[in-house]
Amino acid sequence: MLRRLLEVKTSLTLALSCLPRSPPALTSRQWEILEDCIPLFNSLEKFTAELSGDKYVTSSVIIPLIMGAQHLVMNSKPATTVGERLKEVLLENFSKRLSPYEKQVIPSNATILDPRFKKVAFGLEENASEAYNRIQDEADALHLKKNVGVSMSEEEIPTSTSKESSLWSFFEKKTADKGTVRSSSFSEEDLRLYIQMPLCHREQDPLNFWYKYEANMPLVSKMAKKYLCIPATSVPSERLCSKAGTIRSDLRSRIKSTDVDKLLFINSNLHLLE
């Protein structure tokens, strides 16, 4: 809005001077303030537009984009007192409202599991380590659950009475603990292999990376698909509702819901045919 106001500055000033009951025109100082504030808002506009996409992964770019937008605002040099105050307010809100995203489970785990960012995108090393440890624990749980399911189905487990079960409970607990250690070492090696790989280019699709290395790192790949598929905002779903309202209009009120689903699916995946 402010950018458009500057684009029509000359025409607007002339029009106001010709109208008999026009509101007072902006002063040169006010125009200067507008020019000073627009660069600060540009970073927020780009930040919002990037997170609102629906053709690419967005959950893993929350933390890197916050860092990037904060860096742009911090390095800006406003020439007016209003611009300086706006810069201070924006940085305060970055610290208060957006910085905690590094500690939230979904964005931090998604960032670690994105081969373009991993630990590099975090502002604090301790937040990256916490996210890494959470992923490690989840990988251990997945591997243990998988192994327990295999052993229960493939091995013959003898039945026992409640008394026998209580006598052997100590031994069974120790063997279960040892199994947990083995699964942890396996998944830890899997995750360490991924972290040691070089970062992918920022324009590369992380889903293609995990499709390529799914056989090499199955546990980490499974978690990556789980977190990377989560949208960062509700914009894609709202956009889809708008498309559905356009398809099922008053002139097409008897169209079947299954046909609406098919048309929406085609519309959302047309870019794959280009």
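Residues numbered from 1 in each chain as written. Predicted model: local features only at pLDDT ≥ 70, side-chain atom pairs only at ≥ 80, totals over all residues. Heavy atoms only, no water.

In the annotation of an unreviewed UniProt entry, the entry for the protein chain reads HAT C-terminal dimerisation domain-containing protein, and the organism field reads Ladona fulva.

### A closer look at the overall build of the protein chain
Helix and strand content of the protein chain: twelve helices and zero strands. In sequence order, the protein chain lays out its α and β elements as α-α-α-α-α-α-α-α-α-α-α-α. Burial status across the protein chain gives 30% buried among its 274 residues. Considering only intrachain contacts with a sequence separation of at least 6, the fraction spanning at least 24 residues in the protein chain is 68%. Carbon and sulfur atoms form 59% of the exposed surface of the protein chain, whose accessible area is close to 18500 Å². (Helix = DSSP H or I, 4+ residues; strand = E, 2+ residues; numbered from the N terminus. Buried < 20%, exposed > 50% of the residue type's maximum accessible area, 1.4 Å probe, protein only. Contact = heavy atoms within 4.5 Å. Areas by Shrake-Rupley, 256 points an atom, 1.4 Å probe, with all protein chains shown as cover.)

### Side note on helix 5 (residues 81-98)
Between its first and last C-alpha atoms helix 5 spans 25 Å; for 18 residues at 1.5 Å apiece the expected length is 26 Å, and the two agree. Packed against the buried residues of helix 5 are helix 3 (28-51) and helix 4 (62-75). (Expected span 1.5 Å × (residues − 1).)

### Here's the deal with unusual backbone geometry
Positive phi outside glycine occurs at Lys118, with the angle close to 55 degrees. Along the chain, Lys118 turns up in the loop between helix 6 (105-112) and helix 7 (125-154). The exposure class of Lys118 is buried, given its relative accessible area of 4%.

### So, the packing of aromatic side chains
Here the structure, examined in full by the defined rule, presents four aromatic pairs. Aromatic side chains Phe209 and Trp210 sit 5.0 Å apart centroid to centroid with 85 degrees between the ring planes, which places their arrangement in the edge-to-face category. Trp210 sits in the buried class, given a relative accessible area of 1%. Between the aromatic rings of Phe209 and Tyr213, the centroid separation amounts to 4.7 Å while the plane-to-plane angle is 40 degrees, which identifies the pairing as tilted. Residue Phe209 is classed as buried on the basis of its relative accessible area of 4%. For Tyr213, a relative accessible area of 23% translates into the label partly exposed. Three or more aromatic residues joined by ring pairs make a cluster, and in this case those are Tyr194, Phe209, Trp210 and Tyr213. The residue whose ring lies beneath Lys118 is Tyr194, and the NZ or CZ to ring-centre distance is 4.6 Å. (Phe/Tyr/Trp six-rings, centres within 6.5 Å; stacked < 30°, edge-to-face > 60°. Lys NZ or Arg CZ within 6 Å of the ring centre and 35° of its normal.)

### Comments concerning a nonpolar patch on the surface
Together, Leu263, Phe265, Ile266, Leu270 and Leu273 make up a nonpolar patch on the protein surface, roughly 530 Å² of accessible area in all. Judged by relative accessible area, which is 57%, Phe265 ranks as exposed. (Patch = residues over 30% accessible without salt bridge, like charges linked within 9 Å, V, L, I, M, F, W, Y side chains within 5 Å. Salt bridge = Lys/Arg side-chain N within 4 Å of Asp/Glu carboxyl O.)

### A short note on the pattern of salt bridges
Two side chains with opposite charge may pair up if their charged atoms get near one another. Applying the stated criterion across every chain, the model contains ten salt bridges. Residue Arg192 pairs with Glu189 through a salt bridge whose shortest N-O separation is 2.8 Å. One end of the pair is Arg192 and the other is Glu189, both in helix 8 (residues 162-196) and three residues apart, which spans about a single turn. Residue class for Arg192 comes out partly exposed when judged on its relative accessible area of 30%.

### A closer look at the packing of helix 4 against helix 6
Taken N-terminus to C-terminus, the directions of helix 4 and helix 6 make an angle of 95 degrees; their axes are 8 Å apart at the nearest point. On the basis of their axis angle, the class for helix 4 and helix 6 is roughly perpendicular. Taken together, the residues of helix 6 that come into contact with helix 4 (itself represented by Ile62, Ile63 and Pro64) are Pro107, Ser108 and Thr111. Broken down by class, the residue content of the contact of helix 4 with helix 6 amounts to four nonpolar, two polar and no charged. (Axes fitted to C-alpha atoms, helices over the stretch in contact; angles between N-to-C directions. Parallel < 35°, antiparallel > 145°, perpendicular 65-115°, else oblique. Nonpolar A, V, L, I, M, F, W, Y, C, P; charged D, E, K, R; others polar.)

### Looking at helix 3
Taking 1.5 Å as the rise per residue, helix 3 with 24 residues should run 34 Å; its terminal C-alpha atoms sit 36 Å apart, in good agreement. Pro39 marks where helix 3 bends most, by close to 30 degrees. Burial in helix 3 covers these residues: Trp31, Ile33, Leu34, Asp36, Cys37, Ile38, Leu40, Ser43, Phe47 and Leu51. Looking at the buried residues of helix 3, the elements they touch are helix 1 (2-7), helix 2 (9-18), helix 4 and helix 5. (Bend = angle between axes of the 7 residues up to and from the residue.)

### So, the environment of Ser108
Looking at the element boundaries, Ser108 is found in helix 6. Taking relative accessible area as the criterion, Ser108 reaches 0% and is therefore assigned buried. Taking C-alpha positions, Ser108 is 9.7 Å from Arg134, a pair spaced 26 residues apart along the chain. Residues contacting Ser108, with those up to four places away along its chain left out, are Ile63, Tyr101, Glu102, Phe122, Ala131 and Arg134. Within polar-contact distance, the side chain of Ser108 engages the backbone oxygen of Val105 at 3.1 Å. (Polar contact = N/O pair within 3.5 Å; in protein donor to acceptor, adjacent residues only side chain to side chain.)

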